[in-house]
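Below, each chain spelled out in residue letters.
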Amino acid sequence: MLVRSALLTIAVTVGLLECTCGQNPVFNPIFPVVLERERSSMQGPCDDNSEQDSYDFIIVGSGPAGSVLANRLSEVEDWEILLLEAGSDGTVIMNIPYLIGQFQSTDANWQYKTIPSESKFSGLNGRQMDYPRGRGVGGSTLINYMFYVRGNSRDYDNWEEMGNPGWGYDDVLPYFKKIEDMQIPVLRDDEFHSTGGNVKVSYPPYRSKISDIFLQAGLETGSPEVDYNGKHQTGSARIQTTTVNGSRWTASRGYLYSLRDRHNFHLKKRALVKKVLINENTNTAYGVIYTKNGKDYTVRARKEVILCAGAINSPQLLMLSGVGPKDHLEELNIQVIKDLKVGYNLMDHVAFATLMFTVNVSKFPSPMKVIGDQRNFFNYYVYNNGPMTSQLGSEIVSYHDIRNNTPGWPDIEVIYFSAALLNNPQYANAFGLNMSLYADHIASIQETPAYQVFPFQMRPKSRGRITLKDSDINTPPLINPNAFSEEEDIQIQIAGIRKMIEISRTPALQSIGATLYDKPLPLCEDYEYDSDDYWRCALLNFSISVSHQCGTCKMGPESDETAVVSSRLKVHGVHNLRVVDASIFPQIISGHLQAPTYMIAEKAADFIKEDYLKPHHL
Ligand SMILES: Cc1cc2nc3c(=O)[nH]c(=O)nc-3n(C[C@H](O)[C@H](O)[C@H](O)COP(=O)(O)OP(=O)(O)OC[C@H]3O[C@@H](n4cnc5c(N)ncnc54)[C@H](O)[C@@H]3O)c2cc1C
Ligand SMILES: *[C@@H]1O[C@H](CO)[C@@H](O)[C@H](O)[C@H]1NC(C)=O
Ligand SMILES: *[C@@H]1O[C@H](CO)[C@@H](O)[C@H](O)[C@H]1NC(C)=O
Ligand SMILES: *[C@@H]1O[C@H](CO)[C@@H](O)[C@H](O)[C@H]1NC(C)=O
Ligand SMILES: *[C@@H]1O[C@H](CO)[C@@H](O)[C@H](O)[C@H]1NC(C)=O
């Protein structure tokens, strides 16, 4: 411990000697070879101090969506682009995949929580789910798990069927390929993949022995090994991650670093947008007000304002600007510019948090041991290898056709952690578990070798809603996830849990003595263990968000009264205003959200170029 903090101190000191603007150099390595590598990951654009009062496009938020748009729109030399980001740069230490989870309590997270549930989530502190959201240049890609999962072809065909021409799988596949710079040799030349794009995709260099056993167990239950981003999604796989050489590849590394010297691109950091300015006579957006260093600024958009503030903040900003449900805005004395269902249709993936299986061999060290061992940092920095390059020990995913009424369009995903996570008090606490229940139920296997699975339903029917508490931008919005409000969602999740128990009984997993940790959960002891009622109680009380919030500014035709933006992502009934981010999903997809969000923004950039550069307006 002492050695470790001494090394950290040196690292911090060395780090401070170097001053660049791409990332905060809080943690810099000790070895020269390392310095070189880390320096190359710190070449982002500097904070822009000019006080220009108008730009062609103003983009709010620099997550995967805002970063793509800033890059693509500033390719047009005549256009001046302003990107406003509420947070500042990430730090080099955040690039270490194994340390995900260490940054949730920092400034790089908005630290949202859902409103206390009346009847559910008794296993979580205050009956609230944590809803982490990245804040900083790169958005949630600064703190996310780096899983690269596009979703199923039918998800996008379904988007198109919901009234969104141009969003079918055949339309979006070229964009998924465009963003990609596939590093995995066997996939580089595959028809579903591509090289040369801005997003690096790799397998983590490190593989634990137990990960092979998970894949084998899949095979023994008829679950083939697949490229889940290819033709067939149902099956098991090593995760493809947005990393390179074992280091996190953020939206800003991918799309903003190369803009450092682009004269028509301006990035303002720690600039919180408070309001979109909309002319109430013409319903035309013409600028924004933002706060920086305690001072308010007004900037004008000559062409458009584009909201890329994410699925919580984009609807918040729209409502604060007078675009949202009339009755709700009137309650808060906000002048209504356009009555739209903003904040409705909130969707997410919600995983059961306490499904663990003890094993009789230690194939993968527990998280605290990995982080406590200096050799792992050494391996990471010098050889780009070792467990630090893994996503906190999550190495395998599997997709299951649980109901099998749509074969090939899986309804359950499972993330396998090679060492259980929530039997550690630190992680249990970080995920918001009630620690007195943890002490009763889980603490007894703190030291026991175990693996953990997070099963979650891919396309839940339940819908939540985001509303404003007041009209102040600094007040977090009220988030009602409304998870498990549909019986079908509960049934599919229970089937997913049972599937995991079945898989633990395969010869592969029995060879390491996999045993369901079956001590009944404290709030559910009245139910017979393993009955449907038991799992219902377990699920409704001990589930956590996978941080895949979306849908709150739904894309759909004007005839759809629940839609907020058109299929070209323009806000219905307001000119010169688009929303381009995870909030436009009409329906959550059978994957993770960063890949589709990059895709959406690449498509939006083309819409905008078509609208302004083609001789005929579309
Ligand atoms: C902990 C966590 C784990 C995740 N794991 C994965 C994963 O493994 N794989 C995956 O594919 N997806 C994952 N996701 C989800 C994925 O990262 C997001 O869906 C994706 O980043 C959404 O992109 P976005 O551009 O819509 O919003 P964001 O990435 O959230 O970016 C929005 C940006 O806007 C800024 N902003 C917001 N409001 C304002 C304002 N008023 N003024 C100025 N700026 C503002 C924010 O600070 C932020 O930088 C995870 C997310 C989290 C939080
Ligand atoms: C944790 O659970 C206990 C027992 O159910 C309860 O009394 C306590 O209030 C909970 N704590 C929090 C922070 O929710
Ligand atoms: C990854 O490492 C290889 C080999 O050291 C190097 O050539 C390559 O440039 C690195 N990639 C990035 C993006 O740093
Ligand atoms: C683990 O348990 C399995 C099944 O009971 C057994 O075959 C195996 O030998 C055990 N391994 C060890 C190291 O005890
Ligand atoms: C969740 O736990 C509470 C105890 O706090 C219990 O009353 C409730 O029935 C449980 N939920 C379900 C769905 O069983």
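Higher on the page you've got the structure.
All values reported here derive from a predicted model rather than from experimental measurement. (Residues numbered from 1 in each chain as written. Chains lettered and ligands numbered in written order. Predicted model: local features only at pLDDT ≥ 70, side-chain atom pairs only at ≥ 80, totals over all residues. Heavy atoms only, no water.)

Within the protein chain, the secondary structure is distributed over 18 helices and 25 strands. Taking 618 residues into account, the globule formula puts the C-alpha radius of gyration at 25 Å, and the protein chain, at 24 Å, falls close to it. Its C-alpha atoms give the protein chain principal-axis dimensions of roughly 70 × 55 × 45 Å. Restricting the contact set of the protein chain to residue pairs at least 6 apart, pairs at least 24 apart contribute 71%. A total of about 22,800 Å² of accessible surface is found on the protein chain, and carbon and sulfur atoms cover 49% of it. Between the averaged position of the 57 positive side-chain charges in the protein chain and that of its 70 negative side-chain charges there is a distance of 3 Å. (Helix = DSSP H or I, 4+ residues; strand = E, 2+ residues; numbered from the N terminus. Rg over C-alpha atoms; globule rule 2.2 N^0.38 Å. Contact = heavy atoms within 4.5 Å. Areas by Shrake-Rupley, 256 points an atom, 1.4 Å probe, with all protein chains shown as cover. Lys, Arg positive; Asp, Glu negative; His and termini not counted. Charge placed at Lys NZ, Arg CZ, Asp CG, Glu CD.)

Let us look at the state of the cysteines. For the structure shown, the criterion picks out one disulfide. Bridging Cys-524 to Cys-537, the disulfide has an S-S length of 2.1 Å. A torsion of -80° about the S-S bond marks the disulfide between Cys-524 and Cys-537 as left-handed. Of this pair, Cys-524 sits in the loop between strand S23 (515–516) and helix H17 (532–541) while Cys-537 sits in helix H17; the two residues are 13 residues apart in sequence, bridging distant segments of the chain. Note on accessibility: Cys-524 and Cys-537 belong to one class, buried. Cysteine Cys-308 shares no disulfide, and the gap to the nearest cysteine sulfur, in Cys-553, comes to 11 Å. Using a relative accessible area of 5% as the deciding quantity, one classes Cys-308 as buried. Cys-553 sits in the buried class, given a relative accessible area of 0%. (Disulfide = S-S within 2.5 Å. Buried < 20%, exposed > 50% of the residue type's maximum accessible area, 1.4 Å probe, protein only.)

For helix H9 (residues 310–320), the tally of buried residues reaches eleven of eleven residues, placing the bulk of the element in the interior. When H9 is considered as a whole, its buried residues turn out to be Gly-310, Ala-311, Ile-312, Asn-313, Ser-314, Pro-315, Gln-316, Leu-317, Leu-318, Met-319 and Leu-320.

By the definition in use, this model includes 24 aromatic pairs. Between the aromatic rings of Tyr-156 and Trp-159, the centroid separation amounts to 5.1 Å while the plane-to-plane angle is 70°, which identifies the pairing as edge-to-face. Remark: Trp-159 and Tyr-156 occur in helix H4 (residues 153–161); sequence separation between them is three residues, near one turn of the helix. Its relative accessible area of 0% is what places Trp-159 among the buried residues. Taking the centre distance of 6.1 Å and the plane angle of 70° together, the rings of Trp-167 and Phe-607 count as edge-to-face. With Trp-167 in the loop between H4 and helix H5 (169–179) and Phe-607 in helix H18 (residues 594–613), the pair connects residues that are 440 residues apart, well separated along the chain. Residue Trp-167 is classed as buried on the basis of its relative accessible area, which comes to 0%. Cluster of aromatic residues (ring-pair linked, three or more members): Tyr-156, Trp-159, Trp-167, Phe-176, Phe-585 and Phe-607. Sitting over the ring of Trp-409, Arg-459 keeps its end group 4.1 Å from the ring centre. (Phe/Tyr/Trp six-rings, centres within 6.5 Å; stacked < 30°, edge-to-face > 60°. Lys NZ or Arg CZ within 6 Å of the ring centre and 35° of its normal.)

Take the layout of surface pockets next. Volume-wise, the second largest pocket comes out at about 330 Å³. Those elements that provide at least two residues to the lining of the second largest pocket are helix H11 (367–372) and helix H13 (425–430). Sorting elements by how many residues they give to the lining of the second largest pocket places H11 first, with three residues. Tallied by class, residues from the lining of the second largest pocket come to twelve nonpolar, eight polar and three charged. (1 Å grid on protein atoms, 1.4 Å probe; cavity = no way out; pocket = protein on both sides within 12 Å on 5 of 7 lines; lining within 4 Å. Points joined across faces, edges and corners; volume = space filled by probe spheres on them. Nonpolar A, V, L, I, M, F, W, Y, C, P; charged D, E, K, R; others polar.)

The end-to-end C-alpha distance of helix H15 (residues 487–504), which contains 18 residues, comes to 26 Å, matching closely the 26 Å that a straight helix rising 1.5 Å per residue would cover. If you check which residues of H15 are buried, you get Asp-489, Ile-490, Ile-492, Gln-493, Ile-494, Gly-496, Ile-497, Met-500, Ile-501, Ile-503 and Ser-504. (Expected span 1.5 Å × (residues − 1).)

Attention now goes to the site of ligand 2. Taken together, Asn-125, Gly-126, Asn-434 and Ser-436 make up the full set of residues adjacent to ligand 2. In the environment of ligand 2, an oxygen atom lies 2.9 Å from a nitrogen or oxygen atom belonging to the backbone of Gly-126. Within the contact set of ligand 2, an oxygen atom lies 2.3 Å away from a side-chain nitrogen or oxygen of Asn-434. Burial of ligand 2 by the protein amounts to 40% of the accessible area it has alone, namely 360 Å². Within the shell around ligand 2, the residues separate by chemical class into no nonpolar, four polar and no charged. (Near = heavy atom within 4 Å. Polar contact = N/O pair within 3.5 Å; in protein donor to acceptor, adjacent residues only side chain to side chain.)

Moving on, we come to unusual backbone geometry. A positive phi angle, near 50°, is found at Asn-245, a position not held by glycine. Mapped onto the secondary structure, Asn-245 falls in the loop between strand S8 (243–244) and strand S9 (247–248). You can call Asn-245 partly exposed: its relative accessible area is 49%. Non-glycine residue Asn-345 carries a positive phi angle of around 65°. Structurally, Asn-345 is set in the loop between strand S15 (338–339) and strand S16 (350–352).

Another point: empty space enclosed by the protein. Taken as a whole, this structure holds three cavities of 30 Å³ or more when the rule is applied. As a volume, the largest cavity reaches approximately 150 Å³. Along its surface, the largest cavity is lined by 16 residues, and Asp-348, Val-350, Pro-460, Ser-462 and Ala-483 are the ones closest to its centre. Here the residues of the lining of the largest cavity sort into eight nonpolar, five polar and three charged.

All right, on to the environment of Arg-253 then. The topology assignment puts Arg-253 in helix H8 (residues 251–256). Taking the C-alpha atoms as reference points, Arg-253 and Tyr-55, 198 residues apart in sequence, are found 24 Å from one another.

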